[in-house]
Amino acid sequence: MMKAMKKMLAFTLALVLIGTSFGFQTLQVSAAEGNEVKEPQVVSKTDTSITLQTQENLEYALQIKDEKTESLVWKWAESTQYNLEKQTVTFQDLKADTDYKFTCREKGTQEEEELPIFTLRTDVQKNQDSSEQSESSKEEQENQQEAVTPAPDTQPPAEEKPQEETTPPADTKPQEETTPPADTKPQEETTPQNDTKPQEETTPPTDTKPQEETTPPSDTKPQEETTPPADTKPQEETAPPTDTKPQEETTPSTEEEPENSTTTPPADVTPKPVDAPSAPTVASVTDTEITLNTVTNQEYAMIQDGKDLAWQVSGVFKNLKPSTDYSFVARIKTDTEISESSKPLKVRTKASSAKAPDATQLFEKTDTRIQVKSVKGQEYSLLKDGNPTVWNTNGVFENLSPGTEYQIVTRVSYLEEEAMPSEISKPLAVTTKLAAAKAPEAPQISGRNETSITLQAQKSLEYAISTDGSAWKWQSSNVFSGLKANTSYQFISREVFDADKAMPSKESPVATFKTYMAFQGSIDGIKADGTYYRDTKLTATAVGTGMNQTSPGTWDTRWVPKTWTWDTKNYSSWKSAPYDVTFVLDKVGDYCLTVGYELEEYVSGSWKGTGLTRTSSVSFKAIAPVYTITASSDKYGKISPSGNIEVKKGSNTEFTFTPNKDYKVSKVLVNGKQVSIKNNKYTISNIKSGQTIFVSFERIDGRQIPKTGDESQIILYAVLVLSAAVVFLLVVRAQRKKNHR
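Residues numbered from 1 in each chain as written. Predicted model: local features only at pLDDT ≥ 70, side-chain atom pairs only at ≥ 80, totals over all residues. Heavy atoms only, no water.

Asker: How do you make sense of the overall build of the protein chain when you look at a structure like this?
Answerer: A tally of helices and strands in the protein chain yields 13 helices and 48 strands. Here the contacts in the protein chain between residues at least 6 apart in sequence split such that 66% fall between residues at least 24 apart. Here the protein chain has roughly 44,500 Å² of accessible surface; of this, 50% comes from carbon and sulfur atoms. (Helix = DSSP H or I, 4+ residues; strand = E, 2+ residues; numbered from the N terminus. Contact = heavy atoms within 4.5 Å. Areas by Shrake-Rupley, 256 points an atom, 1.4 Å probe, with all protein chains shown as cover.)

Asker: Could you clarify how one ought to interpret the sheet that holds strand 34 (residues 530-533) in this entry?
Answerer: Backbone hydrogen bonds are what pair the strands of a sheet, in a parallel or an antiparallel way. Sheet architecture is open: five strands sit in the order 34-40-39-36-37, paired in mixed fashion. Looking at strand neighbours, the two that pair on one side only are strand 34 and strand 37 (570-573), the edges of this open sheet. Strand after strand, the sheet turns through a mean of 35° between neighbouring axes, direction not considered. Pairing between strand 34 and strand 40 (residues 606-623): four bridges, direction parallel. Bridge assignment links G530 to a residue of strand 40, and that residue is F620. (Pairing = 2+ DSSP bridges. Axes fitted to C-alpha atoms, helices over the stretch in contact; angles between N-to-C directions.)

Asker: How do you make sense of the sheet that holds strand 43 (residues 643-648) when you look at a structure like this?
Answerer: The strand order 43-41-48-45-46 describes an open sheet built from five strands, whose pairing is mixed. Both edges of this open sheet fall to strand 43 and strand 46 (673-675), since each of them pairs with a single strand only. Neighbour-to-neighbour, the strand axes of this sheet turn through a mean angle of 30°, independent of strand direction.

Asker: Teacher, can you tell me more about the pairing of strand 28 (residues 461-466) here?
Answerer: Looking down a regular strand, the side chains alternate between one sheet face and the other. Within strand 28, six of the six residues are buried, leaving the element largely enclosed by the surrounding structure. By the alternation rule, side chains of strand 28 split into L461, Y463 and I465 and E462, A464 and S466, which are all buried. Across six bridges, the pairing between strand 28 and strand 31 (residues 488-495) is antiparallel. The residue bridging S466 from the neighbouring strand is Q490, located in strand 31. Summarising the sheet, strand 28 and strand 29 (residues 473-475) pair through three bridges and their orientation is antiparallel. For A464, the partnering residue across the bridge sits in strand 29 and is W474. Between strand 28 and strand 29, which pair antiparallel and follow one another directly, the connecting turn spans six residues, one of which, G469, has a positive phi of 80°. (Buried < 20%, exposed > 50% of the residue type's maximum accessible area, 1.4 Å probe, protein only.)

Asker: Looking at this structure, how should I read the nonpolar core?
Answerer: The tendency in soluble globular proteins is for nonpolar side chains to be buried side by side. By size, the foremost hydrophobic cluster in this structure holds 24 residues, and its most contacted members are I526, W566, F583, L585, L593 and F620. Mapped onto this core, the elements with two or more residues apiece are strand 35 (537-543), strand 36 (557-566), strand 38 (580-584), strand 39 (589-603) and strand 40. It is strand 39 that contributes the most residues to this core, five residues altogether. When sequence neighbours within four positions are dropped, the list of residues in contact with I526 reads Y532, L538, A540, F583, L593, V618 and F620. (Core = buried A, V, L, I, M, F, W, Y, C linked by side-chain atoms within 4.5 Å.)

Asker: Hey, could you run me through unusual backbone geometry in this one?
Answerer: Phi is mostly negative for residues that are not glycine, and the peptide bonds are mostly trans. Looking along the chain, the bond that leaves A577 and enters P578 is cis, with omega of 5°. Here P578 shows up in the loop between strand 37 and strand 38. In this structure, N319 takes a positive phi of about 55° despite not being glycine. Looking at the secondary structure, you find N319 in the loop between strand 15 (316-318) and strand 16 (325-332).

Here it is, written out as structure tokens:
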């Protein structure tokens, strides 16, 4: 009797301590001595994250273990972890039901000693077998506690391992007592019947084990009653489960101990064999955990070489190895029925998450589009509220907002059915360009000439020129030089912009302007540097560039003759075509004719002067007229000068006659008329035209001389000489023949 009462009191005390432990906050703060820092307020927390309320000018850090040095270091929160609007900081990727240490310091300092330390605990991971529990788990826990409290003689909760029940409390390590199994939530420890399905609560009294109250003490294992759970509960609140985690990960484990998961039928009932169920099916797979779909009244086991099947009601199998094949079987098990194992189900765990690659790099961006440098085997996503959105492999993100900062992350591509999601890189912050500025009005012309065009300058604009409307050359100056004369050019303008921060501004409408026609005025009718006789009558015609245009258009130009100057003294002008001037070279000397031209442009359907002028000149000279006198004589004397003689108009020319020996001047003919001579000389005076002069000679002794052209005697003499020569030759020949004989 005393023994039963002790058991009842011990169990009651354990339940009281377990229940009261839920009244304490899981947040425990231990500040460093000497530092008075306001305890941070927990805004929210889950089994994988904790969000704290931040204070002004403070930054926060989480204590982690350095993988290289295996020492504890502070990892300070990055800017992406802070929410400036809500004044919060969030730490993610934490382990469930684990104590973590946090600290804070003033921004801009590098102090990491004597910092305040805050210990916070993450929530317990949600039970993956919650589908087997009732929708209102809290109410059931309360009901189960009430049901257990009035029956202190019932067995301890099913979570306690048989080994622990048979071991005296002194031999039980505090870590084992204070650290719940990796698959068992702390709430399940405080609620003894959490691991027992609601159906098991409603099964016959064998599930609540009233028979154990009537069985001999050896069956009820009084050692279980001598290990009060109350002694271990407070330690569970303060001891970080991280101390025991490595031991749990060394071997595969199930969510529930097989001994606690099976239902023990009454001693006098033998289960009836039934057919084996179908092979189990998979609900979910990770790199270290496989969850099977559970069916009422079925148990599940993982096949392990050389080991007996460890049956359990839960379909969750944890602490598995990545990329490893596992086989599972199921069986039917009730108080009255039991089956053989089903056919095995082979399941392969996923590969572990690939390590995060380096942050991606920007390739190009616009106001609504960002493209990063894509790497084969990686995928990319935008962050929204710190979380990835949609992943792609080309690194292109479109339909974005102008002038907005976006954060882009990358990870190693993976097959969802074969591997866990890869770790995410650090984000790349990229700000889209500003939208293109509004287009200005079309440029206006300010001035032009043969080789340049000047546009009206406008503040904050830049200008471009093109000859074909496709290839544009931009410049900040409104003056375009080095152009071709009489050539049309197209011009546009736009707002000046920073190519790194904004899109090219929208372009203005096109304006077309034309350079002036190059001046090439000429004077026809007079040979440049020519020579003309005095009194020559000349007619000169002025020709302007572009005067032959028949269908002029806007911005066309031409050079029109306007004035002329003769020898810098005579001046006149033209008002219309023809642009001729006639004059007589009345004096001997040098002359110059200069014509003045004005540039006209075609505006509003007519030609109008621009006031721009040029001149063209031609130089020449006038000389006195020149006449030719032909002087000759017969063979009996000479005339000097002789031959063709050029003389100026109005001049005088003297001729001298020299007869041969024994001869004298017979007569002199000028223009066929005989003239008188004196001292064998004759002068032709005031020459106004071409002249001829001939002189003949005669013998002084008065003998007759052959007339010019009478050759009869000469021929006779020649015939006689030839005849004599022939006779002589004949005689010589005859004599030679005779001598030979």
